[in-house]
Amino acid sequence: MATDQYVPVADRSELERDGQTVVSADGTAVALFHHQDTVYAVDNRCPHMGFPLAQGSVENGVLTCHWHHARFELAEGDTFDPWADDVQTFPVEIRDDTVYIDPNPEPNVPPATRWRNRLADGLQENLSLVMAKAVLGLDEADDGFQTPLETAVNFGTRYRAAGWGRGLTTVSYMADLFRTVGGRDRRRAMYTGVTAVADNCADEPPRFQQPAFENDRLPKARLKSWFRRNCEVRDADGAERCLLTAVDTLPPGEVTELLVTAATDHLYMNTSHTLDFINSALSTVEHLGWAEFAPQVLAATVPLLTDATRAEEQSAWRQPTDVAALCLDAHDRLPELVAAGAGATWTEPDGFVETLLSTDPAVIVEALCDAIAAGATRQELTDAVARAATRRVAYFDTGNEFNDWNTVHHTFVYANAAHELADRTDATELYRACFDGAMSVYLDRFLNSPRAPVPGPGDSTREPETIREDLLAAFDEQGAVDRAGRLVAEHFDADGDPTRLKRALGQGLLREDAGFHTNQHVGAAVRRFGAVSAAEERQLALVAGARYLAAHTPTRRESEQTFSIATRLHRGERLHEATDA
Ligand code: FES
C-alpha cells in the first residue's frame, strides 16, 4: 500500500520495454531499472565520482558503473568495491502499472554515524577519496576536528606496531592548525591529518597494548625508576606496563614527568623526534580527554623511547668536540644548579641568544648552567633555546645542501617541543633538553654561514592583502625562499593582521602534497608564534615557517586534486559528461 511519501515517476510497461531510465523525484535524479521482473530505483549519481548509473549495466542482480567499474547489489545498493561506497536506493511500489518511489526514505543510520564509519573504512583501506568525502560529510555535521581526530587516533594507535609515528604526529599538528586556518582549509587540515595516519599505518602489523599492573599503590618514584630502567634496556613491554600503571594512578603532570625524563635520559633521541612526538601525543590527549585517551595514546609512545637512536652514539656529537660529554656532565650537575637557583629570579643577560648561537660549545653550556644557578625557569630557558633554534631556520643559507633544511628543522621542532613541555611538567629533567637543544643549535652553526639576510624594519606602503597574495605566489615558484621571508617581514611592517598571515601560510601549506617535515614545520612555526609575545620573535617564527615552506613548494598537488573532486561531489556538481548509453 502506497503512503503519501510515494510519488509516481514512470510507466511500468515502458520501463519494462526500455530496461532502464532516469526520472526526477523531489529534485533527485533517480535511475530506474527493470530487471528480472522487478523494478529497482537507485540514486543516478555513482557514489564514487558521480557517473550516471542509468548508463551502467545490470546483470544477475549487479549494477556496474561504466566509469571505474564499481559494482553494486541492485536491491539495497551495497557495493562490492569499498572505494566506491554504497549507492542510495529508494523503496518502489507498483500501482495500476505505474512506478511509485519514496524519494526521502529514512536513512539506516544518522549521517554523522555514516560518515564516521566511512572515515574508518577509508583509514582501513587507505582510500584518500573516501576519507575526503567523510571529512566533508562530518564537517557538515559541524563536528569540528573532534570526530576525525578521535577516529584517526583510535585507528593509528591500534594498527601500527611501531606506535606513535609521523601519521599521528601529523594529525596532532593539524588539529592545532585547524584552529588557525579558516573555511575550506579547515577541512583540508582534517583531510591532511587523517590521510597521513592511513598512509603511515598502511601494510603495518597491528599493536597489542599491554595491561597496567594490578598493584595500584606503587609510588611515583618506583614507577619512574622502573620505567626508565626498562627504556634504558629497550624493553618495550616492561616499559609500557610501567607507563600504563602510572597513567592509571598518577596525575597527568607526573605521567608527563616520567615521559620527559625517559626522553632526555639520552641525548637528542631519534634526531629530535622522540621529544616532539611525545609532546604531540600529550597535546592530542589534551584535545581528546585524558581519561579516555591517555592509555592508548601514551602507550603508543613507548617505542619512541625503547627503539630510539641516541645522539651520544653518533660521531657528530663526539668529534671533533665531544659535545655529548659536555651535555652529560651538565645533566649530572642539574640537582646542584637547581638547588642554587631555588627562589631566585633570573634576568636574561643581554646577548644571551647570541651566546647560544656562538661557536664555543663549552661557553654555551656554561651560559645555560649559570642561568639555572641564577634561577632561570624551565619556561625561560627552553624559550631562549627555541629563539636560537628559530634563528637557525630564519638565517639558513640557501647555498647549503637541500637536505640540510631538515637539520635546522629538527633542532627547531625539538626546541619548540621542549618549550611547550615546560607548560606540562615542572620536572627538573626538562632542563636537560635545553643542553641537548643548544648543542644541536651549535652543531647546525655552519648552516648559517653566511647568515641569510633577515629583513629589518622597512617602509612598506603596500596593502597587507596584496602582500599575502604575493606570499602565496612565492610558494608557487621554485626556490623563492628569501622572497617569502621578506614578504612575511613586509606584512609585519605594513601592520598586517598576523592572524590572516598565519592563515595564508596554512593555505600555502594545505594545497600542497606536503611531506611530513613540511607539515610539522609550518605547524611548529604557527605554534611558536602563539608561544611568544615579542614582535621580533613572532616575526622570526613566521619567517622561519615561510622560508621552509617556500623551499619545499610547489609540489604536484595531487592530494588537492582528490580533495577538490570530493568537494565538487559533495556540492552535487557533475564531474563527467557521460556519453555512452
Ligand atoms: S565507478 Fe562510478 S564514477 Fe567511478
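Worth saying up front: this structure is predicted, and the values here are computed from it rather than measured.

> Explanation requested: the overall build of the protein chain in the structure shown.
Counting secondary structure elements, the protein chain contains 24 helices and nine strands. Within the protein chain, the proportion of its 581 residues that are buried is 55%. As displayed, the protein chain offers around 24,200 Å² of accessible surface, 45% of which is attributable to carbon and sulfur atoms.

> So what exactly am I meant to see when it comes to the domain arrangement of the protein chain here?
Frequently, the measure chosen for interface size is the accessible area removed from exposure when the parts meet. Here the domain parsing of the protein chain yields domain 1 (7–101), domain 2 (111–201), domain 3 (220–306), domain 4 (311–448) and domain 5 (464–560). When each unit is reduced to the centre of its C-alpha atoms, the spacing between domain 1 and domain 5 is 49 Å.

> It is not clear to me how the pairing of strand 9 (residues 98–101) should be interpreted in this structure. Could you clarify?
For a regular strand, side chains alternate in direction, first toward one face of the sheet and then toward the other. Note that strand 1 (residues 7–11) and strand 9 share four bridges and pair antiparallel. Residue pairing in the sheet places Val-7 in a bridge with Ile-101 of strand 9. The sheet contact formed by strand 8 (residues 92–95) and strand 9 spans four bridges and is antiparallel. Within strand 9, the residue paired with Arg-95 across the bridge is Thr-98. Adjacent in sequence and paired antiparallel, strand 8 and strand 9 are bridged by two residues, among which Asp-96 carries a positive phi angle near 50°.

> So what exactly am I meant to see when it comes to the sheet that holds strand 1 here?
Sheet strands pair via backbone hydrogen bonds, and the direction of the pair is either parallel or antiparallel. An order of 1-9-8 is seen for the three strands of this open sheet, with the pairing classed as antiparallel. Looking at which strands have only one partner, the edges of the open sheet turn out to be strand 1 and strand 8. Pairs of neighbouring strands in the sheet enclose a mean axial angle of 35°, with direction left out of account.

> I'm lost on the packing of helix 10 (residues 273–288) against helix 22 (residues 516–531) in this one. Help?
Packed helix pairs are characterised by how far apart their axes lie and by the angle those axes make with each other. Where helix 10 contacts helix 22, the two axes come as close as 13 Å, and the packing angle between them is 65°. Where helix 10 crosses over helix 22, the handedness of that crossing is left-handed. Contacts between helix 10 and helix 22 involve His-273, Asp-276, Phe-277 and Asn-279 from the former and Phe-516, His-517, Gln-520 and Arg-527 from the latter. Tallied by class, the residues present in the contact of helix 10 with helix 22 amount to two nonpolar, four polar and two charged.

> Looking at this structure, I do not really get the sheet that holds strand 6 (residues 62–64). What am I missing?
Pairing is antiparallel in the open sheet, where three strands are placed in the order 5-6-7. Two strands lie at the open edges of the sheet, namely strand 5 (57–59) and strand 7 (71–73), each paired on one side alone. When the angles between neighbouring strand axes are averaged without regard to direction, this sheet yields 25°. Sheet topology places strand 6 next to strand 7; three bridges connect them, and they run antiparallel. Each bridged residue has a counterpart across the sheet, and for Leu-63 the counterpart in strand 7 is Phe-72.

> I tried to follow the pattern of salt bridges on my own but got confused; where do I start?
As a working rule, side chains carrying opposite charge can pair if their charged atoms are close by. One pass over the full model with this rule turns up 44 salt bridges. A salt bridge links Asp-97 to Arg-12; the shortest N-O distance between them is 2.6 Å. Taken together, the residues span a long stretch of sequence, with Asp-97 in the loop between strand 8 and strand 9 and Arg-12 in helix 1 (residues 12–18) at a distance of 85 residues. A residue is classified by how much of its surface remains accessible, and Asp-97, at 27% relative accessible area, is partly exposed. Residue classification places Arg-12 among the partly exposed residues on the basis of a relative accessible area of 22%. Notably, a salt bridge pairs Arg-500 with Asp-497, separated by 3.9 Å at the nearest N-O pair. Exposure remark for Asp-497: the relative accessible area of 34% places this residue in the partly exposed category. Residues joined in a network through salt bridges with shared partners are Asp-85, Arg-114, Arg-118 and Asp-121.

> Even after reading the chapter, I still don't get the packing of aromatic side chains, so can you show me in this structure?
How two aromatic rings sit relative to each other is set out by the distance from centre to centre and by the angle between their planes. By the definition in use, this model includes eleven aromatic pairs. Arranged with centres 5.3 Å apart and planes meeting at 65°, the rings of Phe-145 and Phe-178 form a pair that is edge-to-face. On the criterion of sequence distance, the pair formed by Phe-145 in the loop between helix 3 (128–140) and helix 4 (146–156) and Phe-178 in helix 5 (residues 166–180) is long-range, its members being 33 residues apart. Judged by relative accessible area, which is 6%, Phe-145 ranks as buried. Taking relative accessible area as the criterion, Phe-178 reaches 8% and is therefore assigned buried.

> Even after reading the chapter, I still don't get unusual backbone geometry, so can you show me in this structure?
One can expect most non-glycine residues to show negative phi and most peptide bonds to be in trans. A cis amide bond, omega -5°, links Gln-319 with the succeeding residue Pro-320. Relative to the helices and strands, Pro-320 resides in the loop between helix 12 (302–306) and helix 13 (323–341). At the junction of Ser-449 and Pro-450, the peptide bond is cis and its omega measures out at 0° in the coordinates. When you line up the elements, Pro-450 lands in the loop between helix 18 (430–443) and helix 19 (464–474). Look at Asp-203: it is not a glycine, yet its phi comes out positive at around 65°.

Conventions adopted
Residues numbered from 1 in each chain as written. Predicted model: local features only at pLDDT ≥ 70, side-chain atom pairs only at ≥ 80, totals over all residues. Heavy atoms only, no water. Helix = DSSP H or I, 4+ residues; strand = E, 2+ residues; numbered from the N terminus. Buried < 20%, exposed > 50% of the residue type's maximum accessible area, 1.4 Å probe, protein only. Areas by Shrake-Rupley, 256 points an atom, 1.4 Å probe, with all protein chains shown as cover. Domains from an automatic or database assignment. Pairing = 2+ DSSP bridges. Axes fitted to C-alpha atoms, helices over the stretch in contact; angles between N-to-C directions. Left-handed = near helix turned anticlockwise from the far one by under 90°. Contact = heavy atoms within 4.5 Å. Nonpolar A, V, L, I, M, F, W, Y, C, P; charged D, E, K, R; others polar. Salt bridge = Lys/Arg side-chain N within 4 Å of Asp/Glu carboxyl O. Phe/Tyr/Trp six-rings, centres within 6.5 Å; stacked < 30°, edge-to-face > 60°.

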